[in-house]
Structures are given as C-alpha cells and as structure tokens.
Amino acid sequence: MNKSVVIVGASGHGKVVADIILKNKDNIVGFLDDNTELAESFAGFPVLGITDQYQKYSDACFVIAIGNAAVREKLVKKLKNVSWYTAIHPTAVISELGVSIGEGTVIMANAVVNAGASIGRHCIINTGAVVEHDNQIADYVHVSVGAKLAGTVTVGKSSWIGIGASVSNNLNICGSCMIGAGAVVVKNIKEPGTYIGVPAHKKEEK
C-alpha cells in the first residue's frame, strides 16, 4: 500500500528526499517549513505551511529533510504522535544479514549498509556513503556524501561525518562531533568537537 508523506524542510536536501519517496512509488503531500517567505510550491509540490500546522496531516507519514542534527531532534520532539517515514533509495545496498534501520532515517542513492550494522533514528546516510559491517550508528548521525566507515565503527549521537571522510575499523567516535571533509580518523575520538586533517586531529577553538 502506497504511503502519503509530508516532508519537513523545503530545501535542496528536501528535493533529494522527495525523489526517494517518488522512486519508492509513495505519494508526497507537500512540504512544511518555518520559512514564511517561501513560495506556495517547492519542487513541484505544495508548501503546506509551518511546522506548527503538522496536526492537519495526521493521516500522513512524516520525514525530516534537514541536515542539522540539533534541528532534526528538536522537530522530532515537537511533532508528537506522528508516524515516521524511513526513506531508502532503491539503489542503496542494504545487507539482509542483521541490519537494523531506525524510523525517520534517510538512506540515499548508492549508499552501502553492510551486515550487522545498526543505524539509529532520524539519521542521514548520504549519497555513496559506506557503513561497513557491525557499525553502530546512534540517532541523528549524518554520514555525508562518499564518507566511508570501516568495520565495527561506533558513532555517537548527533555526530557528523564529513564528505569523503574515512574512519578506520574498530574505532569509536563520541557524540556531537564534526569530522571534517576528507579527514582520516585512525584513533578513537573521546571528546566532542571538530576534527580535521590526515590523520584527524581536534581543531582548536580560537
């Protein structure tokens, strides 16, 4: 049975999520967004109003198409008692062996999620990202375009793995971390912060 979906976030990321929904033969009701200056339509679908109006669409599923983890979490808490849509692109490769994917998560084109991996709620596994076997990905994590997590990696809540970053096997990354684009993580990261470079090191705050 086809699902009807409301997308929260009328942005470029929202367009990509909309495309996944369409490719899964589900229906887009429209977008909710708190930017009151938006036009009446976005990407060919109606802008339904601000997020406070979500209860008008209680018969639909919802998915949050916003990259910022803190904003995603805030909206999840705001949108009470809704059904969450998990958006998985048809070209994503998801192992049939012991993979779990939390509600509201988005997995984009050509991403790979291998055996035994666990992905939390409202995560983003972006285009071409690789989540190898036995990874443990907490809620609200974003694994960016082309990032690669080797086997048995743990990533804490709300961390962001930047574009093209790599994480060696058997490592832990704590929550609330930003791993910069192209960084290479070769040891455990135990403190929240921004990590850049090869090998990755913590960026000092000025």
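The rules behind each value
Residues numbered from 1 in each chain as written. Predicted model: local features only at pLDDT ≥ 70, side-chain atom pairs only at ≥ 80, totals over all residues. Heavy atoms only, no water. Core = buried A, V, L, I, M, F, W, Y, C linked by side-chain atoms within 4.5 Å. Buried < 20%, exposed > 50% of the residue type's maximum accessible area, 1.4 Å probe, protein only. Contact = heavy atoms within 4.5 Å. Helix = DSSP H or I, 4+ residues; strand = E, 2+ residues; numbered from the N terminus. Polar contact = N/O pair within 3.5 Å; in protein donor to acceptor, adjacent residues only side chain to side chain. UniProt positions renumbered as here; feature names shortened; annotations may be inferred. Disulfide = S-S within 2.5 Å. Pairing = 2+ DSSP bridges. Phe/Tyr/Trp six-rings, centres within 6.5 Å; stacked < 30°, edge-to-face > 60°. Salt bridge = Lys/Arg side-chain N within 4 Å of Asp/Glu carboxyl O.

Asks: I tried to follow the nonpolar core on my own but got confused; where do I start?
Replies: As a rule of thumb, soluble globular proteins bury nonpolar side chains together. Within the largest apolar cluster, 30 residues are counted, with the highest numbers of intra-cluster contacts made by Leu149, Ile161 and Ile179. Residues within four places of Leu149 in sequence aside, it is in contact with Val130, Val131, Glu132, Asn135, Ile137, Val143, Val155, Ile161 and Val167. Judged by nonpolar contacts, the second largest core, of 20 residues, contains Ala18, Ile21, Ile28 and Cys61.

Asks: Whenever I open this one, the side chain of Asn135 confuses me. Can you help?
Replies: Tracing the backbone through its elements, the reader meets Asn135 in the loop between strand E14 (130–131) and strand E15 (136–137). Within polar-contact distance, the side chain of Asn135 engages the backbone oxygen of Ala150 at 2.8 Å. Ignoring anything within four residues of it in the chain, the contact list for Asn135 reads Gly116, Ala117, Ser118, Leu149, Ala150, Gly151, Thr152 and Val153.

Asks: Would you take a moment to explain the UniProt feature "domain: PglD N-terminal" (unreviewed entry) in the protein chain for this structure?
Replies: UniProt tags residues 5–79 as "domain: PglD N-terminal" (unreviewed entry). For the annotated span residues 5–79, helix accounts for 29% and strand for 28% of the residues, and the straight-line distance between the end C-alpha atoms is 14 Å.

Asks: Which parts of the structure should I look at to understand the environment of Phe62?
Replies: Note that Phe62 resides in strand E5 (residues 61–64). Note: C-alpha distance between Phe62 and Glu191 (129 residues apart in sequence) is 33 Å. Sequence-distant contacts of Phe62, that is, excluding residues within four places in its chain, are made with Val6, Val8, Leu32, Tyr54, Tyr57, Leu79, Val82, Ser83, Trp84 and Tyr85.

Asks: Is there a simple way to explain the state of the cysteines in this structure?
Replies: Chemically, a disulfide is nothing more than a covalent bond linking the sulfur atoms of two cysteines. Evaluated as defined, the whole model comprises zero disulfides. Distance from the sulfur of Cys123, which forms no disulfide, to the nearest cysteine sulfur (Cys177) is 15 Å. Residue classification places Cys123 among the buried residues on the basis of a relative accessible area of 1%.

Asks: Any chance you could explain the pairing of strand E4 (residues 45–49) here in plain terms?
Replies: The side chains of a regular strand alternate between the sheet's two faces. Taking burial as the measure, the five residues of E4 include four buried ones, the bulk of the element. Bridge count for strand E2 (residues 27–32) against E4 is two bridges, and the pairing is parallel. The residue bridging Phe31 from the neighbouring strand is Val47, located in E4. Here strand E3 (residues 41–42) runs beside E4; their pairing, made up of two bridges, is antiparallel.

Asks: Please clarify how the packing of aromatic side chains should be interpreted in this entry.
Replies: Describing an aromatic ring pair means giving the distance of the ring centres and the angle of the ring planes. Following the criterion strictly, the structure yields two aromatic pairs and no others. Ring centres of Phe31 and Phe42 lie 5.1 Å apart, and the angle between their planes is 85 degrees; this geometry places the pair in the edge-to-face category. Here Phe42 lies in strand E3 and Phe31 lies in strand E2, a separation of eleven residues in the sequence. An identical accessibility class is assigned to Phe31 and Phe42; each is buried. Ring plane angle 80 degrees and centroid distance 6.4 Å describe the contact between Tyr54 and Phe62, whose orientation is recorded as edge-to-face. The buried category is assigned to Tyr54, whose relative accessible area is 8%.

Asks: Would you mind going over the pattern of salt bridges with me for this structure?
Replies: If charged atoms from side chains of opposite charge come close, those side chains can pair. According to the stated counting rule, one finds seven salt bridges in the structure shown. Note that Lys78 and Asp52 form a salt bridge whose closest N and O atoms lie 2.8 Å from each other. Here the residue Lys78 occupies a position in helix H2 (residues 69–78), and Asp52 occupies one in the loop between E4 and E5, the gap between them amounting to 26 residues. With relative accessibility at 31%, the residue Lys78 sits in the partly exposed group. Glu73 is paired through a salt bridge with Lys77; the nearest N and O atoms lie 3.5 Å apart. Of this pair, Glu73 and Lys77 both sit in helix H2, separated by four residues, roughly a single helical turn. A residue is classified by how much of its surface remains accessible, and Lys77, at 55% relative accessible area, is exposed.

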